[in-house]
Amino acid sequence: MEVRLKELSTRLGVPLRGDGESVVSRVAQLANADSRSLSFLGDSKYRDHLVHTRAGAVILKEADADLAKVAVLISENPYLTYARAACILYPAPSVVGGVHPSAVVDPSAQIDASAWIGPTAVVEAGAVVGARVFVGPGCILGEGVSVGDDSRLVARVTLCTGTQVGKRALIHPGAVIGREGFGFARDGSRWVRIPQIGRAVLGDDVEIGANTSVDRGAIENTVIGNGVKLDNHIQIGHNVVVGENTAVAANTGISGSTRIGRNCTIAGAVGMAGHLEIGDDVHFAGMAMVTRSFTQPGSYSSGIPAMPSGDWRRNVARFRHLDKLVRRVKQLEAAIEKMSEKKGRSES
Amino acid sequence: MEVRLKELSTRLGVPLRGDGESVVSRVAQLANADSRSLSFLGDSKYRDHLVHTRAGAVILKEADADLAKVAVLISENPYLTYARAACILYPAPSVVGGVHPSAVVDPSAQIDASAWIGPTAVVEAGAVVGARVFVGPGCILGEGVSVGDDSRLVARVTLCTGTQVGKRALIHPGAVIGREGFGFARDGSRWVRIPQIGRAVLGDDVEIGANTSVDRGAIENTVIGNGVKLDNHIQIGHNVVVGENTAVAANTGISGSTRIGRNCTIAGAVGMAGHLEIGDDVHFAGMAMVTRSFTQPGSYSSGIPAMPSGDWRRNVARFRHLDKLVRRVKQLEAAIEKMSEKKGRSES
Amino acid sequence: MEVRLKELSTRLGVPLRGDGESVVSRVAQLANADSRSLSFLGDSKYRDHLVHTRAGAVILKEADADLAKVAVLISENPYLTYARAACILYPAPSVVGGVHPSAVVDPSAQIDASAWIGPTAVVEAGAVVGARVFVGPGCILGEGVSVGDDSRLVARVTLCTGTQVGKRALIHPGAVIGREGFGFARDGSRWVRIPQIGRAVLGDDVEIGANTSVDRGAIENTVIGNGVKLDNHIQIGHNVVVGENTAVAANTGISGSTRIGRNCTIAGAVGMAGHLEIGDDVHFAGMAMVTRSFTQPGSYSSGIPAMPSGDWRRNVARFRHLDKLVRRVKQLEAAIEKMSEKKGRSES
């Protein structure tokens, strides 16, 4: 998509310094940009790159503007402005309504005329597909599934029976939404499966990464709030609730019935036990092991960062006896205390 | 499915107090239940919910029965009885035999007439599909695969060449069973792939979660015992053996050639090294790091639970020098010892 | 495949002791081998198995050769020689060119006449598929994808728009290569998606495991070097670079923009933060938590290995106050120091 700088300035709501008639048609990093490229400087510590860039225009902060020899768009938050500019230069492909001849659509499914059902996709009985929805190749929409307007299932997405997806969702290949959760009752040494009656319900503007799974609820629903962003390989257990605009990075697992608040950020490979309560604005660092509720906003971490294996081996051997070490320190403290008292007495 | 309470009482083998002619047709939590709903009280600490529930009937322990104002089914293990009741109210859908016209079935495959091969499924040469098996949309059964009676492949399951699945399996979307394992010999800096000749062999009553992988063996087979339940996103390496009725929660990885006993429970995101021996009745807590064999029954844990990031940073910095700390404590102990001796001598 | 021992000896370049006219047709472990089986002894500590083996031939070190009563192939590296022998006995199936009638191939795609496009596969506009490429059932090749000669996409592989795969790749089911990376800019509490313009580019001789994801780059490409081997369930974030011949075990996650050197081995369930620099010949142990760059060759570890849950609970409770413990030890040291000085003074 080609855009004149003056139009970009208007649409982004940021002032332009430079030739408004110039055209940009792609984005690029400062070092690799050419005269048709839009670039940005997010962090002032890289401002030296401004001197040599050949970008057609650069989005940057007022304070960095003087160094640039090319057109600039001034923004207090260059990264956010860049994100919006990139959305203008690379608009989501428009959806042409229709059903590919190789798709298998149950006659009782309701497909909006503006929606696209791609090659080899399967849409089962009673499914409802909204306006301008893109159902990519190999997707499977189970019985009674609904997908809101303008959602995009890239390819090979599986929505199991009864799953509800809101508007403007973006769901990546391999995602499995609404499979029956992992619920069993013990009968001696055997496991008796508990039918999973709830659904998986996704709000609006949700993104689900590749090979991520959201299980459906046991009795009530599993709920993913509006604006939630889930990365790849995430496991969401049955009856989990994820609050609005919470973002979760790859490889994280959230066990059943845990409730997470709004605006949280959960880094990669975090593990959360079940039945926890996590408040709003809670941030977990990568690989955090979350075994209790955290209701207060804040940043929480855990784990032992990697170190040379020899050092690690020595320290871990000590960790195994940390409790004893503390007892030894207590004894030392008592001994010193006693000696000081004696000394005190003997000196007095 | 509608069931009269007297019939439910008989089929579950638990006594009923209340009107046996009443009908329930669904399950619900105590707080949300209506007169057509069956509910249960698993944990007596929530017994206050009994007072207000409008459930048609509640499964509970004798000791809690007095508080309920509705019909009750008395069980020593309400959760297990609930599981069985739910299986009655929500029976697995019956399978209608046939092959969807969009499925691709090799002429040499043997499909039982009572089995269903769903839309866009692919069944390759020599595969054998038992009675009443459900092969959902998008499933792929490779060459020489066999699937036992009454198994259910929900959708988009991949069974690679030679995989054997027992009876009454339940396999969820995205599962990949029997891919060639990850085996290489080093040739200088290059890796030479080792052909993986074994199979993945699953017993009866096995459940495999979404996006879970079970690799096939290098020479001998990878074996998943009867009644094993695997959650989502689990990695089972080549030549692993998992004993009967062991259950594994999501995101866990088990490295090649590790053997796990019967009736174990392995929580989420556990990591196991290869070539280990894990006994029967061993329980690993979430995120446990299993680097050696555990042959004795018991519960094992590892990891550092999350704490406020500032506290964590301070403590981790100390962990890096834990070995030195122990040496310092030893020196203190020696110093105190010496001082006590001197003092003892000087006092004597 | 049947092979005479004299031919095997020649092709492997290792000396034979025994009847060169004998034929082997499979591989087996020493204990289970019969006269048609080739076996190997990698580790001399298992040499007792040699006495009873009925193998047709055994690959072993010179030093172990005397114990065998069967034909032997002498190698300094029996495991590597075994790998090569197994590749001879179990050659990759040859590819017969063609397109299955159920596949959906865009007319603008360029498919080499010797390549196979399997049942229900989808090949979109502008894709290029090289000579002898095997595209298994259910694979999806997005717009503009290219796949190099002799590559094998086993089944249900998704290559998203623009992905480039080199020669002789082996990609397992459920892999998702080149999905748009996980990139957002914050706009108050909302997230604004950043279009991901880069590609995922895989070199030659790359292997990608089941359900593994490689995201495409934000602006520049994500790059997987020649000879890289990725196991199952691995997450590779946008703009990651993995150097030649590096091998990564299952369940590992590598966050965006991290660069990894050549010949590294990264064990299972490792987590790496983003924007790190990892040198050549770096080895991370399983579950390592990599939060900083490691540019020096070596072995690095982290984490607390599992222990009985009671011990763990006590030690972890102490870890929470490790910083305080160090302060207490410091105070003790100071007290002792002071007491020694006083004593010194009083004794002098």
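The model shown is predicted, which means the values in this text are computed figures rather than measured ones.

**So, the overall build of chain A**
And step 1. When helices and strands are tallied, chain A shows 5 helices and 40 strands.
And step 2. Compactness check: chain A gives a C-alpha radius of gyration of 28 Å against a globular reference of 20 Å for 348 residues, more than 25% above the reference.
And step 3. For chain A, the spread of C-alpha atoms along the three principal axes comes to 95 × 70 × 35 Å.
And step 4. With 348 residues in all, chain A has 57% of them scored as buried.

**With respect to the relation of the copies chain C and chain A**
And step 1. Rotating chain C by 120 degrees and translating it 0.1 Å along the rotation axis places it on chain A, where the RMSD comes to 0.1 Å. Within this description, the copies of the chain are treated as partners about a three-fold rotation axis.

**What to know about the interface of chain C and chain B**
The accessible area lost on association of the parts is a frequent measure of interface size.
And step 1. The partner chain B presents 72 residues to the 73 residues of chain C that form the contact.
And step 2. Here chain C and chain B share an interface that buries about 6,100 Å² over both sides, 65% of which is from carbon and sulfur atoms.
And step 3. Here chain C and chain B share 6 salt bridges between them.
And step 4. Two residues, glutamate 207 of chain C and arginine 193 of chain B, come together in a salt bridge whose shortest N-O distance is 3.0 Å.

**A look at the interface of chain C and chain A**
And step 1. Taken together, the contacts link 73 residues of chain C with 73 residues of chain A.
And step 2. Buried surface at the junction of chain C and chain A, summed over both partners, amounts to about 6,100 Å²; 65% is from carbon and sulfur atoms.
And step 3. Its salt-bridge partner being arginine 179 of chain C, residue aspartate 231 of chain A comes within 2.9 Å of it at the nearest N-O pair.
And step 4. Counting residues per element, the ones that place at least two in the side of chain C that touches chain A are strand S21 (176-180), strand S22 (184-187), strand S23 (190-193), strand S26 (213-216), strand S38 (289-290), strand S39 (298-301), helix H4 (309-319) and helix H5 (322-347) of chain C.
And step 5. Among the residues forming the side of chain C that touches chain A, the class breakdown is 39 nonpolar, 20 polar and 14 charged.

**Notes on the packing of aromatic side chains**
Residue and element names in this part refer to chain A.
And step 1. As enumerated under the stated definition, the model contains 24 aromatic pairs over all chains in all.
And step 2. Measuring from ring centre to ring centre gives 5.7 Å for phenylalanine 40 and tyrosine 79, while their planes differ by 40 degrees; the resulting arrangement is tilted. With phenylalanine 40 in strand S5 (residues 37-40) and tyrosine 79 in helix H3 (residues 78-89), the pair connects residues that are 39 residues apart, well separated along the chain.
And step 3. When its relative accessible area of 19% is taken as the criterion, phenylalanine 40 is described as buried.

**A few points about the environment of threonine 53 of chain C**
Residues and elements named next belong to chain C.
And step 1. Within the secondary structure, threonine 53 is located in the loop between helix H2 (49-52) and strand S6 (57-60).
And step 2. Placed 14 residues apart in sequence, threonine 53 and serine 39 show a C-alpha to C-alpha distance of 9.0 Å.
And step 3. Residues within four places of threonine 53 in sequence aside, it is in contact with Leu30, Ala33, Val58 and Val70.
And step 4. Within the local environment of threonine 53, its side chain forms a polar contact with the backbone oxygen of leucine 30, the two atoms lying 2.8 Å apart.

**Quick look at the sheet that holds strand S32 (residues 253-254) of chain C**
And step 1. A sheet is described by the order of its strands in space; here 10 strands give the open sequence S9-S12-S15-S18-S21-S26-S29-S32-S35-S38 (chain C), paired in parallel fashion. The sheet is open, and its two edges are formed by strand S9 (104-105) and S38 of chain C, each paired on a single side.

**Side note on the UniProt feature "domain: Mannose-1-phosphate guanyltransferase C-terminal" (unreviewed entry) in chain A**
And step 1. UniProt's feature table lists "domain: Mannose-1-phosphate guanyltransferase C-terminal" (unreviewed entry) at residues 101-216 of chain A, given in the numbering used throughout.
And step 2. Counting secondary structure, residues 101-216 of chain A comes out at 0% helix and 40% strand; the distance between its end C-alpha atoms is 31 Å.

**Quick word on the sheet that holds strand S5 (residues 37-40) of chain B**
All names here are of chain B.
And step 1. The strand order S2-S7-S6-S5-S4 describes an open sheet built from 5 strands, whose pairing is mixed. The sheet is open, and its two borders are formed by strand S2 (16-17) and strand S4 (26-27), each paired with just one other strand.
And step 2. Where S5 lies against strand S6 (residues 57-60), 3 bridges are found, and the strand directions are parallel. Paired with serine 39 across the strands is valine 58, a residue of S6.

**Things to note about the packing of helix H1 (residues 5-12) of chain C against helix H3 (residues 78-89) of chain C**
Residues and elements named next belong to chain C.
And step 1. Two numbers describe how H1 lies on H3: the axes approach to 11 Å, and their chain directions differ by 120 degrees. The pairing of H1 with H3 is recorded here as oblique in orientation. For the pair H1 and H3, the sense of crossing is right-handed. Here Leu8, Arg11 and Leu12 of H1 lie close against H3, whose contacting residues are Thr81, Arg84, Ala85 and Ile88.

**Quick notes on the pairing of strand S7 (residues 71-74) of chain B**
Residue and element names in this part refer to chain B.
And step 1. Covered by surrounding structure in S7 are Ala71 and Leu73 together with Val72 and Ile74, the residues of both alternating faces.
And step 2. Pairing between S2 and S7: 2 bridges, direction antiparallel. Directly across from leucine 16, in S7, lies its bridge partner leucine 73.

Rules used in this analysis
Residues numbered from 1 in each chain as written. Chains lettered and ligands numbered in written order. Predicted model: local features only at pLDDT ≥ 70, side-chain atom pairs only at ≥ 80, totals over all residues. Heavy atoms only, no water. Helix = DSSP H or I, 4+ residues; strand = E, 2+ residues; numbered from the N terminus. Rg over C-alpha atoms; globule rule 2.2 N^0.38 Å. Buried < 20%, exposed > 50% of the residue type's maximum accessible area, 1.4 Å probe, protein only. Least-squares fit on C-alpha atoms with pLDDT ≥ 70 in both. Contact = heavy atoms within 4.5 Å. Buried area = accessible area lost by both parts, 1.4 Å probe. Salt bridge = Lys/Arg side-chain N within 4 Å of Asp/Glu carboxyl O. Nonpolar A, V, L, I, M, F, W, Y, C, P; charged D, E, K, R; others polar. Phe/Tyr/Trp six-rings, centres within 6.5 Å; stacked < 30°, edge-to-face > 60°. Polar contact = N/O pair within 3.5 Å; in protein donor to acceptor, adjacent residues only side chain to side chain. Pairing = 2+ DSSP bridges. UniProt positions renumbered as here; feature names shortened; annotations may be inferred. Axes fitted to C-alpha atoms, helices over the stretch in contact; angles between N-to-C directions. Parallel < 35°, antiparallel > 145°, perpendicular 65-115°, else oblique. Left-handed = near helix turned anticlockwise from the far one by under 90°.

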